[in-house]
Every structure is written in C-alpha cells, then in structure tokens.
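These are the residues of each chain, in order.
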Amino acid sequence: MQANNIDRLKLATGLLLLVLLIVLTATRPRASVPAGREEVVFWHFWGGHDRRVVEEIVNRFNQSQDRHFVRAVAMPGNNLDMKMFLAVTGGDPPDLINQDDPIVADWAHRGALLPLDEIASPAEIEQLNGWLLPAARQLGSYQQRLYGLANGLDIRALYYNRTLIEQRSGQPAPRQLASIEQLDRLAEACVVEDPDGQPTALGFLPDPRRLWAWGVVFGGAFYDADTKRVTAADPANVEALQWMASYRHRFGPDNLAAFRQGDQSLPGKTFPLLAGRYAIVLDGQWRVRDIRAARQQQLEQGQPPTEYGVWQLPAPRGRQAAAEGWVNGNLFLVPRGCRNAAGSWEFMKFWSGFGGHEAEAARIASQGGWIPVSQQVMDHPLFVQYLEENPLFAEFVRLAAGRQVPTPVIPGARLYYRQLNQAAGRLLYSKQELSARELLEQTTRAVQQHLQRLERHDAGSAGGGS
Amino acid sequence: MMRALKRIPAGWWFISPWLLGLALLFIYPFVASLYWSFCRYDMLSAPRWIGTEHYQRIAAELWRGDGFGQALWNTAYFAALSVPLSIVLAVLLAVMLSWRVRGQVIFRTLFYLPAIIPLVASSILWMWLLNPTAGIVNHLLGWLGLAPQLWFNGIEEAASPSTLLSFGSKDALVLMSTWGVGNFMLIYLAALGDIPHQLYDAAELDGAGRFRRFRHLTLPMLSPLIFFNLVLGLIQSVQAFTQVYLVSEGTGEPIGSTLVLSLHLFLAAFQDLEMGYASAMAWLLFVILLIATALLFRWSRGWVHYRASLGG
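These remarks concern the structure in this document. (Residues numbered from 1 in each chain as written. Chains lettered and ligands numbered in written order. Predicted model: local features only at pLDDT ≥ 70, side-chain atom pairs only at ≥ 80, totals over all residues. Heavy atoms only, no water.)

**Let's talk about the overall build of chain A**
Okay, so step 1: Scanning chain A from N- to C-terminus turns up 19 helices and 14 strands.
Okay, so step 2: Along the first, second and third principal axes, the C-alpha set of chain A runs to 95 × 55 × 55 Å.
Okay, so step 3: Sequence-distant contacts in chain A: of pairs separated by 6 or more residues, those separated by 24 or more amount to 74%.
Okay, so step 4: When the accessible surface of chain A is split by element, carbon and sulfur atoms take 50% of a total near 20300 Å². (Helix = DSSP H or I, 4+ residues; strand = E, 2+ residues; numbered from the N terminus. Contact = heavy atoms within 4.5 Å. Areas by Shrake-Rupley, 256 points an atom, 1.4 Å probe, with all protein chains shown as cover.)

Okay, here's the thing in structure tokens:
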C-alpha cells in the first residue's frame with residue numbers, strides 16, 4: 001500500500017514537471033544573443049524578396065551594435081496585428097513590431113503602445129517632428145503625440161501603358177492628366193469589346209477601395225478633427241463616388257464585378273496592367289519592380305519593351321487637385337510592456353534614417369524599393385542616384401512629399417475603412433440604383449456611433465475612477 | 001497536505017491535464033463571455049458593466065438588417081441551403097456507392113478523397129473553379145448555353161425571388177460545402193451495410209420496386225443518422241469560418257454578402273476591439289443553435305425511426 005502511494009507521488013511529480021517544462025519552453029524561446037547585449041524581438045510581416053532585405057538590415061544593425069541585438073520574426077500574412085494584440089493582452093509582447101494597418105489610434109487610445117516621447121528625449125522628439133514628412137508624421141500621430149515611426153510610405157498613382165494607349169487612342173499619351181474627364185476619355189478609347197459587346201480589355205476601372213484617394217483629390221475630407229465628426233458624406237466624397245459609379249453605368253455592375261474578379265485568376269497575381277487587361281491602373285510604388293522585371297524579360301526575348309508611365313491622380317476639370325492622394329505606410333510600434341524599448345528605438349532610427357542614419361536609410365530604401373519618410377533621406381546622393389535609374393519610382397517619391405492624406409487616425413479606423421469600402425462597393429456592384437450620398441451617410445452614422453460608444457466608455461471609466 | 005494528496009485516486013491525476021484544460025480553456029471563457037456580453041470590454045482595460053446595451057444594439061441591427069442582422073441572414077441562407085444539400089447528396093452517393101459494380105472501391109475512394117483535403121487548399125481550388133472569367137464552371141455553363149455567374153464576386157442569391165437562379169458568393173460557398181460530403185457519405189455507407197437484407201427481400205416479395213424500397217425502407221433505416229448529420233451539419237454551417245475568411249480575404253466582401261456570423265464576430269472582437277459586443281453575439285448564436293436543435297429534436301419524433309422502435 002505504501003509503495004503504491006509512493007508511485008502516485010512520483011507520477012504526480014512527473015506530471016507537474018512535464019507541464020512546467022512545456023510552459024517554460026513555450027513562453028521563453030531561446031535565442032543566441034551575444035554576451036553583454038540585450039535582445040530586441042522584432043515582429044514584421046515581410047516575406048519573399050522583402051524578407052531577405054529585412055534580414056540584411058537586421059544583420060547590418062547587429063554588426064553596428066555593442067548594446068542591442070535584434071531578432072527578427074517574420075509573420076507574413078494579414079494577421080500580424082491580431083497576434084500582436086493577443087501578445088499584449090497576454091502580457092508577453094515583442095519589443096518592436098512593424099505593420100501597415102490603420103491601428104495606431106485604436107491601440108494608442110487603449111494604452112497598448114508606448115508613445116515615442118516615453119522612449120526618446122524631448123529634444124529628439126522635437127527634431128523628429130521636423131524631420132519627418134507630413135504624411136509620415138500624421139500616420140504615426142494620435143492626439144498630438146507620436147506613437148509610431150514610419151519607415152516607408154505607400155503612395156498610389158495611375159500607372160499607364162503608354163504603348164497600348166497610343167495604339168488604341170491613336171494619339172500620344174499625355175505627360176500628366178489635366179482632368180478626370182481626360183482620364184475618362186482615354187479610358188474609353190482603350191476599351192476592347194467582343195462581338196457580343198462584352199469588354200475583354202478596359203481602359204480603366206475604379207476600385208471601390210480607393211474612394212479614400214479619389215475623395216481627397218476631389219477636395220473631400222473623411223474626418224473633421226476640430227469637431228470630432230466623421231465626414232464620409234462630404235460633398236466632394238459624394239462627387240468622387242458618383243464619378244466612380246459612372247463606370248458602372250457604362251459597363252453594367254455584373255461586367256464590372258466579373259472583370260475585377262478576373263484579375264484574381266492571373267498567374268501569381270500578376271499586375272493586371274502587365275497582362276494588358278487595363279491600359280491604366282491605380283496602384284502603389286511597389287509595382288515599379290514588376291514593370292522593371294517585365295521589361296527586362298521582353299528585352300531578353302528580343303522584343304521591344306512596352307513603355308509605361310505614371311500619372312498623378314487628376315481632379316475634375318477646372319479644379320486643382322486638393323491633395324496628391326491617399327497614403328498609408330509601414331510603421332514601427334513599440335508595445336507597452338516590452339522588455340527593451342531603448343533597443344527598439346535604436347533600431348527604428350537605424351532603419352528610418354533619423355539621428356544621422358540617413359545614408360543607411362537611403363541604402364535600405366534603394367534595396368527594398370521603399371519610399372523614405374524624410375526629405376533628408378530622399379536628398380541623400382545614394383537615393384538620388386537610385387531615383388535617376390528608376391524614373392517611374394521617382395514620380396512616386398515626388399508625390400510623397402506633397403499633400404498625402406491617410407485614413408483618419410481615430411479609434412475605429414479599421415471599421416471606417418471596411419464600412420467605406422463596402423459603401424463604395426455596394427454602389428459600384430449592386431444591381432439596384434443606390435444613392436452615393438445615402439450610402440456615405442450610412443457609413444458616417446455607423447462610424448460616428450462607434451466613436452460615441454467609445455466616448456461613453458471613456459467617460460464611464462473616468463467616472464468610475466478606474 | 002501530503003496525506004490528502006495521497007488519498008486522491010490515480011485516475012484523477014491521469015485525467016487532471018485534461019480537466020485543467022477544460023476548466024481554463026473552455027469553462028472559464030464560456031462563463032466569462034456571458035459576463036463580458038454585458039460589459040464594454042476591449043481586452044486591454046478592465047471590463048465595465050453596461051447592462052444590456054450590446055443586446056439592444058444587436059436588436060437594432062436585426063431591425064435595420066445591417067451588422068448582426070446582415071450576418072444572421074447570410075448565415076441562415078448558407079445553413080438552409082448547404083445542410084439539406086449535403087445530406088441529400090451524401091445519401092444519394094452512399095446508395096450509389098453501395099451498389100456492387102466494378103471499381104466500387106475506387107469510386108468510394110474518389111468520392112471520399114475531397115473530405116480529407118485541407119479546407120484552405122480546397123477553398124483556393126474553388127476560387128479558381130468559380131472564377132467568373134477564367135473558371136471552368138462558367139465555361140461549362142457557357143457550353144450548355146447557360147449564362148455565366150458571378151459566384152464569389154456576386155451579391156445575388158440564387159434562392160431569393162428577386163435574383164432567382166443568379167448565383168452569387170453565398171451560393172458559391174454552398175457549392176463549396178458540398179465538396180466535403182465524404183464524411184457524411186461514409187457514415188451512411190456504413191449504415192447501409194447494417195440494414196438487414198431480409199427486409200429488402202420481404203419488401204421485394206411484397207412487390208415493392210427500387211424507389212419504394214428506398215423510400216419506405218432505406219430512408220427510415222437511415223433516419224437516425226440523417227438526423228444526426230442534420231444537427232451536426234447545422235452546427236458546423238453556423239460556425240463556418242475558414243472558407244469564408246479565405247474567399248473574402250477576411251472582409252465579408254463583396255458588399256457584406258459573405259459576412260457570416262462567425263466572421264462578423266471575429267472582426268468585432270479582434271479588429272474593432274469590441275469583445276463585449278462579440279461575446280453578446282456569441283451567446284445569441286449559442287441560444288439560436290440551442291433553440292434550433294431543440295426544434296429539430298421535436299420535429300424528429302415524426303420521422304426518425306430508431307431500430308428499437310422498429311423491432312418493438
């Protein structure tokens with residue numbers, strides 16, 4: 001009987017040790033951090049070619065350091081923010097994260113992020129505010145405090161296939177578009193239809209997710225920071241959406257939806273402009289790399305390379321574009337509760353170029369095909385040389401320095417993003433005739449209600465003294 | 001202390017990891033989510049009691065037909081079509097695969113194979129098949145002289161009077177769900193082999209043809225399993241997430257037509273940080289499923305025949 005009890009005790013101890021072992025190995029992954037240096041755990045979303053670039057940057061940083069050691073963890077996919085959020089709530093966040101979703105305000109509002117003024121000195125913050133391009137500063141700021149440091153901007157413009165436009169329209173493609181009406185005329189001239197009248201190639205097709213860009217170019221705004229009101233139904237936004245919907249009237253909602261879906265069937269998600277499905281496509285600077293590769297391939301095959309160009313988004317005739325477009329970007333964020341905020345700050349500066357690292361940032365931007373966040377990096381001879389070799393990319397860099405408007409940095413920005421895209425999609429693809437104004441007013445109401453709920457919660461929390 | 005520990009039977013120690021997991025990962029979140037459904041809670045700050053505000057919001061959304069209302073409709077549409085279709089298809093396949101024909105084993109393997117393909121792979125495959133411009137399904141429809149469909153890019157509902165037989169994203173999801181009927185089919189196939197052959201012989205002697213034997217013998221004998229699959233299918237279809245997340249890239253697009261309850265709940269909890277609202281939806285979903293299952297049990301009394309009652 002006594003032997004039996006001892007066996008039970010051994011069994012229980014063994015089980016306990018096993019559970020402990022599992023818990024310990026699961027929560028504290030081992031890394032080979034050089035002696036005397038502190039680890040910086042860095043989560044990012046880059047994969048493929050970009051991941052290799054990131055690893056090179058990390059290696060260069062680690063070689064330059066004797067205090068910190070960055071361990072990069074790649075998490076390609078679109079759930080990095082959720083993983084980060086769960087890590088913060090679980091009390092074991094990484095030291096640094098880089099992501100591109102509009103979540104700064106949501107997380108900052110809830111105290112999940114360390115404001116940069118808690119990591120850097122007041123003098124550095126003051127200098128940083130002047131050093132950053134306005135777009136980069138806006139992307140990382142919430143309630144006049146910097147919570148994120150951008151390390152790259154995503155700028156959008158109209159790519160066009162010069163060769164195709166000249167073939168189909170019979171006239172030279174303009175160097176810049178004078179107006180929306182000119183864009184429409186060129187788009188119409190490039191439509192190819194089969195004998196049944198079904199389009200097989202289009203000149204241009206507005207993407208419902210890009211009302212953010214067209215709205216601000218038309219002179220609209222999506223949020224009024226002074227009155228704290230959502231302004232999705234701003235008359236200029238309504239006008240922009242109505243213009244987008246004019247393509248629905250021209251081709252019919254079903255054709256539009258089918259044609260858009262057809263883009264997904266291109267092998268390896270090829271840039272649709274390269275497949276000749278469109279003559280003009282609104283997209284970001286990362287497509288320059290695809291165009292360069294396609295032209296190189298044509299040259300290797302002994303074919304004359306297709307000519308491409310980039311246009312700034314035009315405003316309606318007789319009006320100056322109120323903004324160059326809509327911007328988002330990659331942001332470094334430091335979660336509250338991280339172990340090595342100082343190391344994160346050093347790595348952020350190294351990558352973005354702040355604090356005398358302009359040469360390194362220029363090299364990184366050239367390597368990755370990324371748009372720097374400061375004019376000082378843009379003006380660095382290394383980057384200037386890169387721009388001379390890549391004139392298409394240079395156009396995006398020029399636009400980045402202009403008035404670029406991000407998705408409003410407010411709590412609920414992701415909800416706003418989804419709701420607005422859905423409203424625009426509903427107008428473009430629905431068989432029913434809907435009102436652009438009503439749809440945008442619905443969006444306004446939904447997001448405003450979300451903000452009001454949050455305000456009530458904040459007021460309640462403050463009242464409750466918690 | 002040690003004496004008390006020694007008195008615990010060894011079986012409890014063996015089962016303790018599972019019990020610990022059950023308590024921490026199931027019972028605690030289950031009970032906590034009920035409390036959170038009455039709170040404003042974002043997981044970063046402490047939950048704050050707000051009474052029935054979330055439930056009132058859900059009621060308003062149901063009334064307006066957006067948010068929860070839209071997600072409930074999408075889920076109901078998907079469940080109402082996918083569950084019966086899967087059952088009918090699985091029964092028919094099982095009956096055909098029970099016929100003694102050359103290559104029976106190969107056919108059985110082929111029809112079961114899709115059920116073991118990972119959901120992610122099969123979802124991507126279906127996105128290709130149902131592509132409106134390049135997909136093989138629309139090409140086949142074209143050869144048959146039928147109009148091409150928008151499938152995952154359409155908001156139409158083939159079973160709704162206003163867009164009758166125009167197939168949109170939810171119909172494409174229904175079609176996709178039939179891909180995995182292999183599991184149901186296997187259960188029916190096993191049950192078919194269990195039906196006493198003398199019953200068929202007796203029915204044949206009484207002059208019953210193939211259809212009557214199927215209608216009055218096979219179906220009643222399979223009815224407990226049909227009922228089991230009906231309940232299971234309903235629960236699975238209401239919880240459908242992976243395939244919807246993949247085909248809509250986590251957005252519920254186009255225009256919210258694939259925003260099913262599980263996806264709406266996920267977006268509310270992890271994107272909009274409204275864990276309280278998401279918990280309220282989860283509890284309503286639970287209650288809806290509970291009521292639906294109870295109703296199915298009540299309804300089953302009229303048509304499910306258990307072997308014991310047949311024997312009695």
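**Remarks on the packing of helix H13 (residues 261-270) of chain B against helix H14 (residues 275-300) of chain B**
Residues and elements named next belong to chain B.
Okay, so step 1: The contact between H13 and H14 brings their axes to 7 Å, and the two run at 160°. By the angle class used here, H13 and H14 are roughly antiparallel. Viewed along their axes, H13 and H14 form a crossing whose handedness is left-handed. Facing H13, whose interface residues are Leu 261, His 264, Leu 265, Ala 268, Ala 269 and Phe 270, H14 presents Met 275, Tyr 277, Ala 278, Met 281, Ala 282 and Leu 285. (Axes fitted to C-alpha atoms, helices over the stretch in contact; angles between N-to-C directions. Parallel < 35°, antiparallel > 145°, perpendicular 65-115°, else oblique. Left-handed = near helix turned anticlockwise from the far one by under 90°.)

**Digging into the pairing of strand E1 (residues 38-44) of chain A**
All names here are of chain A.
Okay, so step 1: Among the 7 residues that make up E1, 5 are buried, leaving the element largely enclosed by the rest of the structure.
Okay, so step 2: The pairing of E1 with strand E2 (residues 68-74) spans 7 bridges and is parallel. What sits directly across from Val 41, in E2, is Arg 71.
Okay, so step 3: Looking at chain direction, E1 and strand E3 (residues 96-99) are connected through 2 bridges and run parallel. (Buried < 20%, exposed > 50% of the residue type's maximum accessible area, 1.4 Å probe, protein only. Pairing = 2+ DSSP bridges.)

**Focus on the packing of helix H4 (residues 68-98) of chain B against helix H5 (residues 104-116) of chain B**
For any two helices packed against each other, one specifies the inter-axial angle together with the distance between the axes.
Residue and element names in this part refer to chain B.
Okay, so step 1: Where H4 meets H5, the closest approach of the two axes is 9 Å, and the angle between their N-to-C directions is 160°. Between H4 and H5, the interaxial angle falls into the category roughly antiparallel. Considering the relative orientation of H4 and H5, their crossing is left-handed. Seen from H4, the contacting residues are Leu 93, Leu 97 and Ser 98; seen from H5, they are Gln 104, Phe 107, Arg 108 and Phe 111.
Okay, so step 2: Taken together, the residues of the contact of H4 with H5 break down into 4 nonpolar, 2 polar and 1 charged. (Nonpolar A, V, L, I, M, F, W, Y, C, P; charged D, E, K, R; others polar.)

**Remarks on the interface of chain B and chain A**
Okay, so step 1: Taken together, the contact pairs 37 residues of chain B with 41 residues of chain A.
Okay, so step 2: When the area that chain B buries against chain A is broken down by residue, the three leading residues are Leu 44, Ile 255 and Gln 271 of chain B, summing to 16%.
Okay, so step 3: On the surface where chain B and chain A come into contact, there are 4 salt bridges.
Okay, so step 4: Asp 42 of chain B is the salt-bridge partner of Arg 110 of chain A, the closest N and O atoms lying 2.9 Å from each other.
Okay, so step 5: At the boundary of chain B and chain A, one finds 5 residue pairs in polar contact (both at pLDDT 80 or more).
Okay, so step 6: Of all the elements in the fold, those that place two or more residues in the side of chain B that touches chain A are helix H1 (2-7), helix H2 (10-36), helix H3 (53-64) and H13 of chain B.
Okay, so step 7: Looking at the side of chain B that touches chain A residue by residue, the classes come out as 18 nonpolar, 8 polar and 11 charged. (Buried area = accessible area lost by both parts, 1.4 Å probe. Salt bridge = Lys/Arg side-chain N within 4 Å of Asp/Glu carboxyl O. Polar contact = N/O pair within 3.5 Å; in protein donor to acceptor, adjacent residues only side chain to side chain.)

**Considerations on helix H8 (residues 169-178) of chain B**
All names here are of chain B.
Okay, so step 1: When you tally the buried positions in H8, you get 8 out of 10 residues, the bulk of the element.
Okay, so step 2: Those residues of H8 not exposed but buried are Ser 169, Lys 170, Asp 171, Ala 172, Leu 173, Val 174, Met 176 and Thr 178.
Okay, so step 3: Residues of H8 that are buried make contact with H4, helix H6 (119-129) and helix H12 (242-247).

**Quick look at empty space enclosed by the protein**
Okay, so step 1: Within the structure shown, the criterion is met by 3 cavities of 30 Å³ or more.
Okay, so step 2: Size it by volume and the largest cavity reaches roughly 110 Å³.
Okay, so step 3: Contributing to the lining of the largest cavity are 15 residues, with Arg 110 and Leu 454 of chain A together with Arg 40, Leu 273 and Glu 274 of chain B lying nearest its centre.
Okay, so step 4: Contributions of two or more residues to the lining of the largest cavity are made by helix H19 (436-464) of chain A together with H14 of chain B.
Okay, so step 5: Sort the elements by how many residues they give to the lining of the largest cavity and H19 of chain A lands first, with 4 residues.
Okay, so step 6: Put simply, the second largest cavity is a space of about 50 Å³.
Okay, so step 7: Forming the walls of the second largest cavity are Asn 151, Trp 351, Ser 352, Ala 361, Ile 364, Ala 365, Trp 370, Pro 372, Val 373 and Val 377 of chain A.
Okay, so step 8: Ranked by residue count, the leading element in the lining of the second largest cavity is helix H14 (residues 358-368) of chain A, at 3 residues. (1 Å grid on protein atoms, 1.4 Å probe; cavity = no way out; pocket = protein on both sides within 12 Å on 5 of 7 lines; lining within 4 Å. Points joined across faces, edges and corners; volume = space filled by probe spheres on them.)

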